[in-house]
Amino acid sequence: MIVAGFDLGTLAAKAVILRDGEIVSSEIRGIKAVPEKVAQDILDKALSQAGLSQEDVVYSVSTGWGRKRVPFANLDMADMPCLAKGAKWLIPSARTVIDVGGQSIRALSINEAGKVLEYNTNDKCAAATGRFLELVAEALELKLEELASLAAQSKEPAKISSQCCVFAESEVVTLVNEGINLIDIVAGVHDSIVRRLAATSGTIGIVEDVVMTGGCAKNERLVGSLGKQLKVDIKTVDVDPQLVGAIGAAVIAQEKASAA
Amino acid sequence: MVTKEAEELTQICETLSNPYLEDWKKEGGKIVGYACTYVPEEIIHAAGMLPYRIRGTGCVGTSLADTWLTRIANCSFARSILELALTGEYDFLDGVVFNNGCDHTRRGFENWKAQQNTPSFMYMLPVPHVITDDGLQWYREEVNSFKDAMEQSFGIEIKDEKLKEAVKVYNETRSLLKQLYELRTQKNPPISGAETLKILLASVSMPREKFNQLLRELLIEIRSREGISDYRARLMLVGSINDDPELIELIEDIGGLVVTDSLCFGARFFWDLDEETGDPMDSITARYYYHIPCPRMYGALPQRLDFLMSAVKEAAVDGVILQSIKFCDLHGVENVLEQKALEKAGIPTLKIEREYGPLADTGRFRTRVQAFLEQIGK
Amino acid sequence: MVRTPTLWEETAALMGGVAALPEDVSALEALAADLPPDAASLLKGFTNPHYVKMSIVGLKIFNTALTSILERRAQGKKVAFYCFNFPRELLDAMDMAPVCTEAAGIIPVLALGCEQYIDAPINAGLPDSICGGHKASVGMIIEEAEMKPDVIINAGPGSCDPNAKLHEWMAETWEVPIFNLDAPYYHDERSFQYYRREFRRMVEGLEGVTGQKVDYDRLREILENSNEQVELYWEIQELKKAKPYPLSNIYCVLVELMKYIWSGRPEAVEYFKIARDTAKDLVAKGEGAFPNQRARTLWTYSGVYFDMELFRWLEQVGVAFVQDCFGWYPDKVIDTSSIDTMIEGLADRTLNQPMTRQHKGAWDGPAGWAEDMMFLSKELDIDACIYSGNLACKQTWGCLRLITDKLKNELGIPTLRLETDILDKRITPGSVIKEQIEEFISTLG
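This one's a predicted model, so the numbers in the text were calculated from it and none came from an experiment. Each chain carries its own residue numbering, running from 1 in the direction its sequence is written. Labels follow written order: the first chain is A, the first ligand is 1, and so on. pLDDT decides what is reported in this predicted model: residues at 70 or higher carry local features, side-chain atom pairs at 80 or more are listed and counted, and totals for whole chains, interfaces and linings draw on all residues regardless. Side-chain metrics rest on all non-hydrogen atoms present in the structure, leaving aside hydrogens and water.

Asker: Mind showing me how you'd approach the overall build of chain A here?
Answerer: Secondary structure is summarised from DSSP: a helix means a run of H or I of at least four residues, a strand means a run of E of at least two, and numbering begins at the N terminus for each. Helix and strand counts for chain A stand at eight helices and 10 strands. With respect to the three principal axes, the spread of C-alpha positions in chain A is 60 × 40 × 30 Å. With a 1.4 Å probe rolled over the protein chains alone, any residue whose accessible area is under 20% of its type maximum counts as buried; one over 50% counts as exposed, and the rest are partly exposed. In chain A, which comprises 260 residues, the proportion classed as buried is 58%. By the counting scheme adopted, Arg and Lys are positive, Glu and Asp are negative, and His together with the chain ends is not counted. Note on charges: their place is set at NZ of Lys, CZ of Arg, CG of Asp or CD of Glu. Measuring between centres, the 27 positive side-chain charges of chain A sit 3 Å from its 33 negative side-chain charges.

Asker: How should the packing of aromatic side chains be read in this particular structure?
Answerer: Residues and elements named next belong to chain C. Geometry of aromatic contacts follows a simple scheme: Phe, Tyr and Trp rings, the Trp one being its six-membered ring, pair when their centres are within 6.5 Å, and the pair is stacked under 30 degrees between planes, edge-to-face over 60, tilted otherwise. In total, this model carries 40 aromatic pairs over all chains according to the counting rule given. Both rings, one in F86 and one in F199, keep their centres 5.9 Å apart while their planes meet at 20°; by these two values the pair is stacked. Within this pair, whereas F86 is found in the loop between β1 (79-82) and α5 (89-92), its partner F199 is found in helix α10 (residues 189-210), the two being separated by 113 residues in sequence. For F86, a relative accessible area of 2% puts it in the buried group. We classify F199 as buried; its relative accessible area is 0%. Measuring from centroid to centroid gives 6.2 Å for W369 and Y387, while their planes differ by 55°, and the two rings are tilted. Of this pair, W369 sits in helix α16 (residues 369-379) while Y387 is found in strand β7 (residues 384-387), placing the two residues 18 residues apart along the sequence. Among the residues examined, Y387 registers a relative accessible area of 0% and is labelled buried. Pairwise contacts between aromatic rings join F84, Y260, Y301, F326, W369, Y387 and W397 into one cluster.

Asker: Looking at this structure, how should I read the interface of chain C and chain A?
Answerer: Interface size is often expressed as the accessible area that is lost when the parts come together. Across the contact, 17 residues belong to chain C and 17 residues belong to chain A. Buried area is understood as the total, over both parts, of accessible area removed when two parts are fitted together, assessed with a 1.4 Å probe. Overall, the association of chain C and chain A removes approximately 1500 Å² of surface from exposure, summing both partners, and the carbon and sulfur fraction of that is 44%. Interface area lost by chain C to chain A is led by R417, E439 and T443 of chain C, which between them contribute 37%. What counts as a salt bridge is simple: a side-chain nitrogen of Lys or Arg found within 4 Å of a carboxyl oxygen of Asp or Glu. The tally of links between chain C and chain A comes to two salt bridges. Between K408 of chain C and E118 of chain A there is a salt bridge whose closest N-O contact spans 2.5 Å. Within the residue set of the side of chain C that touches chain A, elements represented by two or more residues are α18 (400-411), β8 (415-417) and α19 (430-442) of chain C. The dominant element in the side of chain C that touches chain A, judged by the number of residues it contributes, is α19 of chain C, at five residues. In what follows, residue pairs with any heavy atoms lying within 4.5 Å of each other are defined as contacts.

Asker: Just to check I follow, could you spell out α10 of chain C for this structure?
Answerer: Note: α-helices contain 3.6 residues per turn, so residues at a spacing of three or four share the same orientation. With 22 residues, α10 of chain C extends 31 Å from end C-alpha to end C-alpha; this agrees with the ideal 32 Å at 1.5 Å per step. Where α10 of chain C terminates, the next one or two residues include G211 of chain C, which has phi positive at roughly 70°. To estimate the expected span of a helix, subtract one from its residue number and multiply by 1.5 Å.

Asker: Sorry, what's going on with the pattern of salt bridges here?
Answerer: Any two side chains of opposite charge can pair, so long as their charged atoms come close to each other. The tally for this structure, following the rule as stated, stands at 78 salt bridges over all chains. Between E235 of chain C and K280 of chain C there is a salt bridge, with the nearest N and O atoms lying 4.0 Å from each other. Here E235 of chain C is found in helix α11 (residues 216-239), whereas its partner K280 of chain C is found in helix α13 (residues 266-285), with 45 residues between them in sequence. On the basis of relative accessibility, which here comes to 30%, the residue E235 of chain C falls in the partly exposed class. Between R426 of chain C and D424 of chain C there is a salt bridge whose closest N-O contact spans 2.8 Å. Overall, the relative accessible area of 41% leaves R426 of chain C in the partly exposed class. The structure contains a network of salt bridges with shared partners spanning R67, K68, D76, D79, D99 and R106 of chain A.

Asker: In this structure, what is going on with the sheet that holds strand β2 (residues 12-19) of chain A? I would like to understand it.
Answerer: Residue and element names in this part refer to chain A. Pairing between two strands is assigned when DSSP locates at least 2 bridges connecting them. With mixed pairing, five strands are arranged side by side in an open sheet as β3-β2-β1-β4-β5. This sheet does not close on itself; its edge strands, each paired only once, are β3 (22-30) and β5 (75-76). Of the strand pairs in this sheet, strand β1 (residues 2-8) and β2 are connected by seven bridges, and their pairing is antiparallel. Paired with I2 across the two strands is R19, which belongs to β2. To define axes, lines are fitted to C-alpha atoms, for helices over the stretch in contact only, and angles between the resulting N-to-C directions are given on a 0 to 180 degree scale. Packed onto the sheet, helix α1 (residues 35-49) meets β1, β2, β3 and β4 (57-63) and runs at close to 140° relative to β3.

Asker: What should I look at first to understand the packing of helix α2 (residues 79-90) of chain A against helix α8 (residues 244-259) of chain A in this one?
Answerer: For any two helices packed against each other, the geometry is given by the interaxial angle and the distance between the axes. Residue and element names in this part refer to chain A. For the pair α2 and α8, interaxial distance at closest approach is 7 Å and the crossing angle is 90°. Relative to α8, the element α2 is oriented roughly perpendicular. Across from P81, C82, L83, K85, G86, A87, W89 and L90 in α2, the residues of α8 making contact are V244, G245, I247, G248, A249, V251, I252 and E255. Residues are grouped as follows: nonpolar covers Ala, Val, Leu, Ile, Met, Phe, Trp, Tyr, Cys and Pro; charged covers Asp, Glu, Lys and Arg; every other residue, Gly included, is treated as polar. For the contact of α2 with α8, the residue count by class is 11 nonpolar, three polar and two charged. For this classification, under 35 degrees means roughly parallel, over 145 means roughly antiparallel, 65 to 115 means roughly perpendicular, and everything else is oblique.

Asker: Could you clarify how one ought to interpret the pairing of strand β6 (residues 256-261) of chain B in this entry?
Answerer: On a regular strand, each side chain points to the face opposite its neighbour's, so the side chains alternate between the two faces of the sheet. Residues and elements named next belong to chain B. Counting buried residues in β6 gives six out of six residues, a clear majority hidden from the surface. Bridging between strand β5 (residues 233-239) and β6 involves five bridges; their strand directions are parallel. From the neighbouring strand, L235 faces β6, where its bridge partner is V258. Handedness of the β5-helix α10 (residues 245-253)-β6 crossover: right-handed. When the strands point away from the viewer and the path from the first strand over the helix to the second turns clockwise, the crossover is right-handed.

Asker: Can you walk me through a negative patch on the surface in this structure?
Answerer: Residue and element names in this part refer to chain B. Among the surface-exposed residues, D160, E161, E165 and E209 lie close enough to one another that they form a single negatively charged patch. Among the elements that take part in the negative patch, helix α7 (residues 160-184) stands out by supplying three residues, more than any other. In this fold, E161 is placed in helix α7. Patch members must show over 30% relative accessible area and no salt bridge, and they are joined within 9 Å when carrying like charges or within 5 Å when they are nonpolar side chains of Val, Leu, Ile, Met, Phe, Trp or Tyr. What sets the accessible areas is the Shrake-Rupley method with a 1.4 Å probe; for residues, cover comes only from the shown protein chains.

Asker: In this structure, what is going on with the interface of chain B and chain C? I would like to understand it.
Answerer: Opposite the 44 residues of chain B that make contact, chain C presents 46 residues. Taken over both partners, the interface formed by chain B and chain C buries close to 4100 Å², and the fraction arising from carbon and sulfur atoms is 55%. Counting every contact that joins chain B to chain C gives seven salt bridges. Among the ionic pairs, E334 of chain B bridges to K165 of chain C, the shortest N-O distance being 2.8 Å.

Asker: For this particular structure, what's the right way to read the domain arrangement of chain A?
Answerer: All names here are of chain A. Throughout the structure description, domain borders are defined by an automatic or database domain assignment. Split by domain assignment, chain A resolves into domain 1 (1-91 + 239-260) and domain 2 (93-236). Counting residues at the interface gives 13 residues for domain 1 and 26 residues for domain 2. With both chains or domains summed, domain 1 and domain 2 bury close to 1500 Å², and 73% of this area falls on carbon and sulfur atoms. The largest contributions to the domain 1 side of the interface with domain 2 come from M80, K88 and I91, which together make up 41% of the buried area. Along the contact surface separating domain 1 from domain 2 lie two salt bridges. Between D79 and R106 there is a salt bridge whose closest N-O contact spans 2.3 Å. For this analysis, a polar contact is any N or O atom pair within 3.5 Å, provided that within protein one partner can donate a hydrogen and the other can accept it, and provided that sequence-adjacent residues contribute only side-chain to side-chain pairs. Summed over the shared surface of domain 1 and domain 2, the number is seven residue pairs in polar contact (both at pLDDT 80 or more). A per-element tally of the side of domain 1 that touches domain 2 places α2 first, with six residues. Grouping the amino acids of the side of domain 1 that touches domain 2 by side-chain chemistry returns eight nonpolar, two polar and three charged.

Shown next, in the form of structure tokens:
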């Protein structure tokens with residue numbers, strides 16, 4: 001049985017194809033065009049990778065901010081159940097999921113059966129999200145990918161006090177002008193993000209195992225420091241962590257199709 | 001010659017604990033933390049314990065506290081003290097007493113109290129929000145219950161004679177601090193606002209008799225100083241709680257000498273004296289109930305304005321900085337009323353919102369004060 | 001020259017239009033179609049087909065109450081501002097023009113939007129963290145000076161700093177007398193005794209400064225109506241337990257507004273009677289007030305009011321708004337046999353109002369927030385809680401996790417945290433709130 005899951009986030013669109021419970025292909029793309037078109041493009045790409053065509057897909061589920069704009073999806077689902085489902089499918093012992101994406105932080109507490117018990121999201125500010133890291137990288141003329149390894153070299157992270165994306169960006173620029181070492185600034189930015197993530201996720205009560213997902217889970221420095229801050233060992237998934245929501249959607253698609 | 005000990009009095013506040021506190025602990029002494037100017041320290045002192053004013057010193061971030069109080073609605077001072085409590089920095093306390101002072105601190109107390117590892121004595125001493133005869137009676141009963149609870153929880157007896165002694169000790173502190181404030185009204189004040197705050201912080205962080213002795217010594221040295229003359233303006237600082245000398249240094253570094261205040265880590269905390277005759281519980285209660293009122297006391301704006309205006313006059317203030325910590329509505333609104341009264345009297349004002357301690361945006365604060373100094377032509 | 005109508009006059013006129021409608025949904029919908037978006041959204045909130053009669057009576061009361069205040073004001077009667085945690089019955093019996101500060105702003109916001117009024121107090125220098133419930137009222141007075149109070153009652157300082165402090169600001173700024181009633185931190189006989197003395201002191205003072213005396217015969221009459229309301233309220237609380245849920249979501253909103261603006265008047269009693277009768281009918285038939293019910297929710301703060309259509313939308317997605325904290329009135333019937341019993345009854349009732357009850361320890365205090373929310377969750381068989389996170393509300397945000405954890409750990413009930421201003425749609429738009437609620441409901445399984 002072939003099913004598909006889509007996750008149309010605010011900055012990236014993801015598709016996952018499952019065949020009999022195995023991931024056979026996936027696709028991630030930045031959202032620049034209309035969501036409907038992006039959804040079709042990533043589906044086509046994922047299908048062609050797996051040597052399949054759209055007729056082979058018996059059921060598909062969409063999730064994410066643009067979930068209602070995937071015309072061919074059989075069902076659209078909210079983010080939290082898909083995230084919970086995907087994390088649990090990848091790491092069955094997961095009880096807490098911390099998802100840090102382009103513009104959102106979501107911390108979920110789930111029980112053994114995978115039911116969402118409580119969740120918390122970032123307040124109305126994109127600080128401590130992927131977009132924030134991108135802004136900092138742009139301001140410092142660095143590549144997003146090199147931030148984590150740069151931060152790891154710092155011995156004295158700079159103090160970033162701003163709690164707001166816009167202010168933090170200007171604070172970073174001020175620090176550069178004051179001649180603070182770039183590495184220490186980058187490390188300071190990471191620390192400030194970790195404090196925010198710890199507060200957002202700590203609110204729901206941390207229960208192990210803790211899994212971090214979303215694009216920011218690729219940043220080892222963030223994962224490591226957050227674990228230290230929360231005093232837990234944070235697990236990451238062995239697929240691209242941005243795909244977890246789409247995987248959850250695909251798993252739900254499989255359940256629906258099997259039940260039908 | 002001033003002793004080294006007295007000279008070092010201003011360093012006591014740099015950390016939460018200090019050598020005096022450590023010695024006190026080593027000798028088996030108990031320490032009770034309190035968070036507001038409406039907790040009668042004399043009772044803790046009479047119990048043979050050390051009253052310690054809870055503050056946010058040394059807090060570097062609030063990620064644990066923010067899971068209880070929230071960063072989108074709660075005050076950064078309350079969050080900072082909760083953070084220190086949650087991270088074990090206040091483990092040296094044997095007891096904690098709060099008032100229902102404001103929304104942030106009363107909820108902060110509840111969050112602290114709800115944790116697993118708290119001092120065994122966690123006490124809420126509620127204070128009426130109005131100043132009336134009936135309110136005094138109510139507060140008197142509350143202070144009595146507080147004394148009973150102390151006695152019961154620690155298995156001690158708080159004797160009247162000890163209370164009378166405490167009254168004398170605390171009154172002495174108040175008189176000494178008042179002398180310090182009087183010196184600041186001079187044309188060339190011998191002491192800065194930041195240094196004054198540091199001394200005040202020491203008073204609530206160590207055995208009081210020792211503090212009095214050191215401040216007596218230090219006062220002699222301070223009186224002999226030449227005095228500060230290179231300031232641009234004489235300022236008064238009012239508004240939300242501040243236990244951070246750096247905030248004042250920020251103002252003084254650019255030439256705004258802080259010569260007086262009506263803060264609760266300031267004049268409001270020590271200005272009034274206990275009656276030394278009569279029943280000590282009565283005199284303590286009356287002193288705390290009627291002291292320069294916090295904006296949480298309703299119907300008491302005239303008293304607050306009286307104090308504000310007399311302080312402005314006595315210290316020959318050029319301008320008043322009305323600051324409030326973000327989300328502090330008590331001071332946020334009060335500042336609007338005080339600003340109106342000051343402007344009516346022709347006193348220049350700067351009304352500014354800020355964050356506390358580790359969350360402070362110092363650059364913006366400095367710029368605003370700078371502009372204020374220029375605006376008042378100094 | 002024609003004077004521009006004030007916001008209140010405009011609102012009263014709008015509600016007057018509703019009052020003339022026949023009792024059917026299509027008439028409400030047709031009127032809504034002709035109105036600007038805010039007013040249209042307001043009316044759409046009232047379109048549950050089973051409850052049109054109740055809705056129209058409720059909307060009519062807006063008009064009646066506003067008009068009555070304007071009339072009394074025109075007759076030279078004193079305008080008394082009171083916070084919503086104070087019983088208007090007393091002021092009504094003093095022949096004042098009683099204005100609930102929060103309702104004074106809320107009602108025009110519901111009807112007409114009016115962001116410029118919300119912004120006016122901030123432009124006047126007040127901190128932007130004060131409550132949206134007051135921003136609109138104060139803004140209205142700043143912009144249209146004629147609604148100024150002659151006297152103010154501050155019934156529970158210490159339960160909510162922004163609230164009490166703003167009342168103090170009004171009194172100082174407009175130089176009107178204010179009565180501060182000290183609400184004790186406990187919930188025991190000593191506290192009630194103390195508060196009764198506070199209340200008497202206030203009544204005396206109020207008579208003194210306004211020259212308007214309490215007409216105790218009139219008070220008895222008003223309280224008898226009010227008692228009938230209380231009995232109906234409890235009867236309806238019982239009916240709420242039925243499954244499917246038999247009341248329209250708009251019922252809870254109107255209960256609060258009734259309390260704030262028209263409690264003790266025959267029209268308010270009528271409102272409760274229609275609600276009771278309609279619910280009783282539906283229960284007897286085994287029907288709910290709306291189909292496909294998925295979740296019974298307790299709103300641990302209040303509802304979100306800037307977009308009233310939300311209440312109807314919730315019904316459309318199967319969510320019952322069973323109770324909110326601000327609509328929880330553990331009122332008792334007041335003994336009207338003597339002046340003393342009436343005054344004491346009113347005092348006791350005041351100390352028991354929402355928010356004042358939370359003055360105490362919200363988490364471990366008797367009759368505090370946690371205890372109330374736990375009780376209501378069990379009593380009304382709640383599936384999920386929604387905290388409408390009014391950003392100005394420091395005291396509830398400050399103990400939210402304690403309450404949320406308790407509901408989760410002891411009853412297995414999850415809470416959705418919204419981050420809003422309940423009256424200012426610019427903070428979190430209604431569309432986003434709907435998305436967040438849908439998301440939450442989808443996790444309930």
